[in-house]
Amino acid sequence: MKSMLNLANAYVKANGMSKTRDKGQQIKILVLSIFSMVFIMIPVLIGVGVMVKTMTEALAPVGFMDFGLRLMLYITCVFSVVFGINILLSELYFVNDIEHVLPLPLRPYEIVGAKFIAVCRMENVMQFMMVMACIIGYVWGWKECIVTHEVGILNVIIGMLGIVFLPIMPLAVCGIVSIIIMGFTRIIKDKDIIHKMTLILSFVVLVVVALSIGSLKTLDISVII
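Structural notes, computed from the coordinates.

**Comments concerning helix α3 (residues 67–94)**
- The end-to-end C-alpha distance of α3 is 39 Å, a good match for the 40 Å that 28 residues give at a rise of 1.5 Å each.
- Bending of α3 peaks at approximately 40 degrees at the position of G84.

**Remarks on the pattern of salt bridges**
- For the structure shown, the criterion picks out 3 salt bridges.
- Residue K53 pairs with E57 through a salt bridge whose shortest N-O separation is 2.8 Å. Taken together, the residues K53 and E57, both in helix α2 (residues 23–59) and 4 residues apart, mark about one turn of the helix.
- Look at K53 and you get buried, because its relative accessible area is 15%.
- Between R70 and D66 there is a salt bridge, with the nearest N and O atoms lying 3.1 Å from each other.

**Side note on the packing of aromatic side chains**
- The full count for this structure, using the stated rule, is 1 aromatic pair.
- One cation-aromatic arrangement involves K53 over W140; the distance from NZ or CZ to the ring centre is 4.8 Å.

**Some details on the packing of α3 against helix α8 (residues 168–182)**
- Relative to each other, α3 and α8 sit at 50 degrees, their axes nearing to 8 Å. If you check the angle between α3 and α8, you find them oblique. Along this stretch, α3 crosses α8, giving a crossing that reads as right-handed. Residues C77, S80, V81, G84, I85, L88, L89, L92, Y93 and F94 of α3 lie in contact with α8, whose contacting residues are P170, L171, C174, G175, V177, S178, I179, I181 and M182.

**Details of the packing of helix α5 (residues 108–141) against α8**
- Across the interface, α5 lies against α8 with an axial gap of 9 Å and an inter-helix angle of 135 degrees. By the angle between their directions, the pair α5 and α8 is classed as oblique. Classified by chirality, the crossing of α8 by α5 is right-handed. From α5, F116, V119, C120, E123, N124 and Q127 reach across to α8, where they touch I168, P170, L171 and A172.
- Tallied by class, residues from the contact of α5 with α8 come to 7 nonpolar, 2 polar and 1 charged.

**Some thoughts on α8**
- Over its 15 residues, α8 runs 21 Å from end to end, which matches the ideal 21 Å to within 8%, given 1.5 Å per residue.
- Of all the residues in α8, the buried ones are P170, L171, C174, G175, S178, I181 and M182. An end-on view of α8 places all buried positions within 145 degrees of arc, on one side of the element. In α8, those exposed residues whose orientation departs by more than 90 degrees from the buried face are I176, I179 and I180.

What counts and what doesn't
- Residues numbered from 1 in each chain as written.
- Predicted model: local features only at pLDDT ≥ 70, side-chain atom pairs only at ≥ 80, totals over all residues.
- Heavy atoms only, no water.
- Helix = DSSP H or I, 4+ residues; strand = E, 2+ residues; numbered from the N terminus.
- Expected span 1.5 Å × (residues − 1).
- Bend = angle between axes of the 7 residues up to and from the residue.
- Salt bridge = Lys/Arg side-chain N within 4 Å of Asp/Glu carboxyl O.
- Buried < 20%, exposed > 50% of the residue type's maximum accessible area, 1.4 Å probe, protein only.
- Phe/Tyr/Trp six-rings, centres within 6.5 Å; stacked < 30°, edge-to-face > 60°.
- Lys NZ or Arg CZ within 6 Å of the ring centre and 35° of its normal.
- Axes fitted to C-alpha atoms, helices over the stretch in contact; angles between N-to-C directions.
- Parallel < 35°, antiparallel > 145°, perpendicular 65-115°, else oblique.
- Left-handed = near helix turned anticlockwise from the far one by under 90°.
- Contact = heavy atoms within 4.5 Å.
- Nonpolar A, V, L, I, M, F, W, Y, C, P; charged D, E, K, R; others polar.
- Arc of directions from axis to C-beta.

Structure (structure tokens):
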């Protein structure tokens with residue numbers, strides 16, 4: 001397990017942005033990071049939390065208090081699958097590091113596990129923040145019911161486990177899909193064709209999700225009730 005984690009850390013560092021010694025470049029990177037955090041990530045997280053809160057408050061009186069939370073978690077997971085399938089395929093199959101890793105005293109499952117852990121760490125930071133925003137919005141919108149109802153320790157433990165493992169599930173699905181796709185390499189020898197197939201598949205899923213989100217504009221609470 002220790003070897004797997006060490007290899008995963010090496011993959012993360014290898015894929016990370018190399019540190020520059022130029023102070024001007026460092027300042028630019030810092031400014032861009034702060035800008036993206038303040039004007040992109042934080043507004044998106046606040047919007048997601050407020051949306052879940054609003055839907056929870058509107059639907060709680062009729063017993064659909066978890067509809068908004070489930071909807072946003074589903075959408076988050078779908079987008080993770082769309083953007084994660086190509087990244088996972090690239091890390092597992094399309095990289096040229098296998099000749100450097102195989103001579104190491106590692107078992108096959110440790111190499112694959114390290115790659116999967118590295119992808120999870122690189123891709124699930126934003127999704128974990130989205131999940132937390134959904135949870136905060138849900139608790140905020142349903143706070144009166146949570147205060148008046150006794151919440152058991154088992155529910156708290158299950159909720160914490162859900163927060164931790166939910167961002168991993170979409171990439172696990174991507175891993176299964178990538179294994180199925182790579183099974184066709186015996187028929188299709190060209191890796192570029194496989195890569196294009198995954199791009200087309202991701203685009204199709206993204207279009208379906210976009211159309212589904214567009215239909216929410218005409219969402220009528222009375223119809224749900």
